[in-house]
Structure formats: structure tokens, C-alpha cells
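# Examining the three-dimensional arrangement
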Amino acid sequence: MAKVIEGLYYSESHEYVRIEGEYGYIGITDYAQQQLGNVVYVDMPEVDDEVTAGDEFGAVESVKAASDLMSPVSGTVAEINEALEDQPELVNEDAYANWIIKVAMSDAAELDNLMDAAAYAQFIAKN
């Protein structure tokens, strides 16, 4: 069964946000990486790019499929996880430790539109 971590925010498109101050660390959930299988490439935006809640910001490619990454929050990309450029399989090893982008959030109220761990666990149990 997929791991769901308390204290994170989850989207229906299987991204998570971990909040640290004004920053949100965005990645894909453990459930998402299990569904994708072996990740072979992560397409990320550039630092200083704007991301908008609900819009695509990149993609994850696996041996089975490619999946668009949808941003759960709006803001400016402050950092990308450069380790994933050479080792995209880190997402499979620990999806929650290996975030994809760090965003300076422009509207923390958007977090209210996301699920908590209990709601996300119920959501994936239905799929």
C-alpha cells in the first residue's frame, strides 16, 4: 500500500506540498510513483518560472508512461531538485524525500483546496 505522510497537502493529481515557511516543496506522491513504475526522466521548470495552481509545470516519464506534473499551489520556482536530473529514480526510492521543485508561494490560501493525509488516503483507496 502507498505511503501517505501526515502534515503534507495533497492534490487529486497526486502531487504533494510540504510547507516550510513561505516555501512549498512539491513532488509526486508515493502512490503516483508506484503507478508510474521506474522513473527515467523528470522534466522541471527553470528557477524564477511562475507556476499556477492547477496548471502543468513539468512531467515525469517512466518506462510505462509519461505523466504531466500539475502544480498544487501558485508562486515562483525558487529551486529545482538538480539531483533528479542525473538520478530520476530517486523519486521511486523515496517520493517524499525527493521533491521536484521548491516554490515561493504567492497565496497560502490555496492550500485550503488540497487534501490532508486522511482525505488523500481515502481518495487513493477508491481508485
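Everything in this summary refers to the structure shown in the same document. Every value quoted in this text rests on a predicted model; they were computed, and no experiment measured them. (Residues numbered from 1 in each chain as written. Predicted model: local features only at pLDDT ≥ 70, side-chain atom pairs only at ≥ 80, totals over all residues. Heavy atoms only, no water.)

The grouping of Glu 46, Asp 48, Asp 49, Glu 50, Glu 82, Glu 85 and Asp 86 at the surface amounts to a negative patch. Inspection of the secondary structure puts Asp 86 in helix H2 (residues 83-86). On the basis of relative accessibility, which here comes to 68%, the residue Asp 86 falls in the exposed class. (Patch = residues over 30% accessible without salt bridge, like charges linked within 9 Å, V, L, I, M, F, W, Y side chains within 5 Å. Areas by Shrake-Rupley, 256 points an atom, 1.4 Å probe, with all protein chains shown as cover. Salt bridge = Lys/Arg side-chain N within 4 Å of Asp/Glu carboxyl O. Lys, Arg positive; Asp, Glu negative; His and termini not counted. Charge placed at Lys NZ, Arg CZ, Asp CG, Glu CD. Helix = DSSP H or I, 4+ residues; strand = E, 2+ residues; numbered from the N terminus. Buried < 20%, exposed > 50% of the residue type's maximum accessible area, 1.4 Å probe, protein only.)

Time to look at the environment of Val 77. Counting through the fold element by element, Val 77 comes out in strand S8 (residues 75-80). Separated by 33 residues in sequence, Val 77 and Met 44 place their C-alpha atoms 10.0 Å apart. Beyond its immediate sequence surroundings of up to four residues, Val 77 is in contact with Pro 45, Glu 46, Val 47, Asp 48, Asp 49, Val 51, Ile 101, Lys 102 and Val 103. (Contact = heavy atoms within 4.5 Å.)

With 24 residues, the main nonpolar core has Ile 28, Ile 100 and Ile 101 as its most contacted residues. Mapped onto this core, the elements with two or more residues apiece are strand S3 (23-28), helix H1 (30-36), strand S4 (39-43), strand S6 (56-62), S8, helix H3 (90-93) and strand S9 (101-105). With three residues, S9 is the largest single contributor of residues to this core. Not counting residues up to four positions away in its chain, the partners in contact with Ile 28 are His 14, Glu 15, Tyr 16, Gln 33, Leu 36, Val 60, Leu 69, Val 91, Ala 95 and Ile 100. (Core = buried A, V, L, I, M, F, W, Y, C linked by side-chain atoms within 4.5 Å.)

Turning to a nonpolar patch on the surface, a few remarks are in order. A contiguous nonpolar patch, built from Val 40, Tyr 41 and Val 63 and spanning about 290 Å² of accessible area, is present on the exposed surface. Its location among the elements puts Val 40 in strand S4. Judged by its relative accessible area of 46%, Val 40 is partly exposed.

Proximity of charged atoms lets side chains of opposite charge pair with each other. As enumerated under the stated definition, the model contains two salt bridges in all. When the shortest N-O distance is used, the salt bridge between Arg 18 and Glu 20 registers 3.1 Å. For Glu 20, a relative accessible area of 40% puts it in the partly exposed group.

Pairing is antiparallel in the open sheet, where three strands are placed in the order S4-S6-S7. The outermost strands of the open sheet, each flanked by one partner alone, are S4 and strand S7 (66-70). Strand after strand, the sheet turns through a mean of 20 degrees between neighbouring axes, direction not considered. (Pairing = 2+ DSSP bridges. Axes fitted to C-alpha atoms, helices over the stretch in contact; angles between N-to-C directions.)

We now examine the sheet that holds S9. Strands sit in the order S1-S2-S3-S9-S8-S5 across an open sheet of six strands; the sheet is antiparallel. The sheet is open, and its two borders are formed by strand S1 (9-10) and strand S5 (50-51), each paired with just one other strand. Bridge analysis of S1 against strand S2 (residues 15-20) gives two bridges, and the strand direction is antiparallel. When the sheet's bridge partners are listed, Tyr 10 is paired in S2 with Tyr 16.

Before going further, it helps to spend a moment on the side chain of His 14. Here His 14 lies in the loop between S1 and S2. For His 14, a relative accessible area of 15% puts it in the buried group. Within the structure, His 14 has its side chain in polar contact with the side chain of Tyr 120 (distance 2.6 Å). Beyond its immediate sequence surroundings of up to four residues, His 14 is in contact with Gly 27, Ile 28, Thr 29, Tyr 31, Ala 32, Tyr 120, Phe 123, Ile 124 and Asn 127. (Polar contact = N/O pair within 3.5 Å; in protein donor to acceptor, adjacent residues only side chain to side chain.)

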